[in-house]
Amino acid sequence: MKRFLTTIYTLLLLLPLSAQSFFYEQCEDTCSHIHGIDISHYQGEVFWETIGENTKLAYVYMKATEGGDNIDSKYAENIFFARKYGLKVGSYHFFRPKTDLQTQLDNFMTQCRPADQDLIPMIDVETRSGLSPEVFCDSLIKFLNLIEKAYGQKPIIYTGANFYDHYLTGLIDAYPLMIAQYTEYEPSLSDGRDITMWQYTSKGYIDGINGYVDKSRFMGHHTMRELRFKKKERKDPSNVEEYPF
């Protein structure tokens, strides 16, 4: 029997990811939380019409920029079509602590345009880049202040549970959190901080993406309304620039 089960498991792994979904239960199949994904150019060509038909997914955060000059090559296309097919969208910046902060802000703002956003900006914080904890924290806080001033609202911070416990405890209490922790157990931070969103896997699968995708969900009582992007009124609401392809 053990050999039989091993053979079945091996065969399932050889199936296309879309076919595997018939055999494996995913979190959104068994709960009532608000689910979404985050993507970047690593996902390659995304079939947004297919994803839009998946009513279990409510939102997508997509990588816009990294550091001072890196722009995700699929960002413009992804945000345009994700919105077209009914997903609520947000944009994130991968923070590089050693890179000039104003240059990073300028880079992000060229892509993350308020008129295109449904959800507040996200700042991806995963590395100290070799800086001391004190210098890193000073750099991060200054950058978060720049983001808040530019967009008129606090961003959500994405980071890993371990990284938060080691370097961010007590530093970013005023900011909502998306915590990455790839276990079956909900994340719990050392200081007991409330967590708004949980990225629970980096190996999710959905129809419309060939390969793995990061999946997340809102925690507890939290909803997307809390992360709604507050837009300033425009004098001419019809004057919205479309993305060129």
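Below or above, wherever it landed, is the structure these notes cover. All residue numbers refer to positions counted from 1 along the written sequence of the respective chain. The predicted nature of this model means local features are confined to residues of pLDDT at least 70 and side-chain atom pairs, given and counted, to a pLDDT of 80 or more, with totals for whole chains, interfaces and linings taken over all residues. Water and hydrogen atoms play no part in the side-chain values, which are based on all heavy atoms of the structure.

## Some thoughts on the packing of aromatic side chains
And then number 1: Each Phe, Tyr or Trp ring, with Trp reduced to its six-membered ring, pairs with another whose centre is within 6.5 Å; inter-plane angles below 30 degrees give stacked pairs, above 60 give edge-to-face pairs, and intermediate values give tilted ones. All chains considered together, the criterion is met by eight aromatic pairs.
And then number 2: Between Phe80 and Phe81, the ring centres sit 5.0 Å apart and the planes meet at 90°, which makes this aromatic pair edge-to-face.
And then number 3: Burial classes follow relative accessibility: with a 1.4 Å probe on protein chains only, a residue under 20% of its type's maximum area counts as buried, one over 50% as exposed, and anything between as partly exposed. The partly exposed category is assigned to Phe80, whose relative accessible area is 25%.
And then number 4: Put simply, the rings of Phe108, Tyr151 and Phe229 pair up and form one aromatic cluster.
And then number 5: Both a distance and an angle decide whether a charge sits over a ring: NZ of Lys or CZ of Arg must be within 6 Å of the ring centre and within 35 degrees of the ring normal. Just above the ring of Tyr175 sits the side chain of Lys154; from NZ or CZ to the centre is 4.8 Å.
And then number 6: The ring of Tyr205 has Lys215 sitting right over it, with the charged end atom 5.7 Å from the ring centre.

## Observations concerning the nonpolar core
And then number 1: Judged by nonpolar contacts, the single largest core of 47 residues is most densely connected at Ile39, Trp48, Val60, Met62, Phe136 and Ile172.
And then number 2: Sort the elements by how many residues they give to this core and helix H7 (residues 133-151) lands first, with seven residues.
And then number 3: Aside from chain neighbours lying at most four places away, what touches Val60 is Ile37, Ile39, Trp48, Ala82, Leu87, Lys88, Val89 and Gly90.
And then number 4: Side-chain atoms within 4.5 Å are what join buried Ala, Val, Leu, Ile, Met, Phe, Trp, Tyr and Cys residues into a set we call a nonpolar core. Formed by 13 residues, the second largest nonpolar core is a distinct cluster that contains Tyr59, Tyr158, Met197 and Leu227. Starting at the N terminus, helices and strands are each numbered in turn, a helix being any DSSP run of H or I of at least four residues and a strand any DSSP run of E of at least two. Contacts are residue-level and defined by heavy atoms, with any inter-residue pair within 4.5 Å sufficient.

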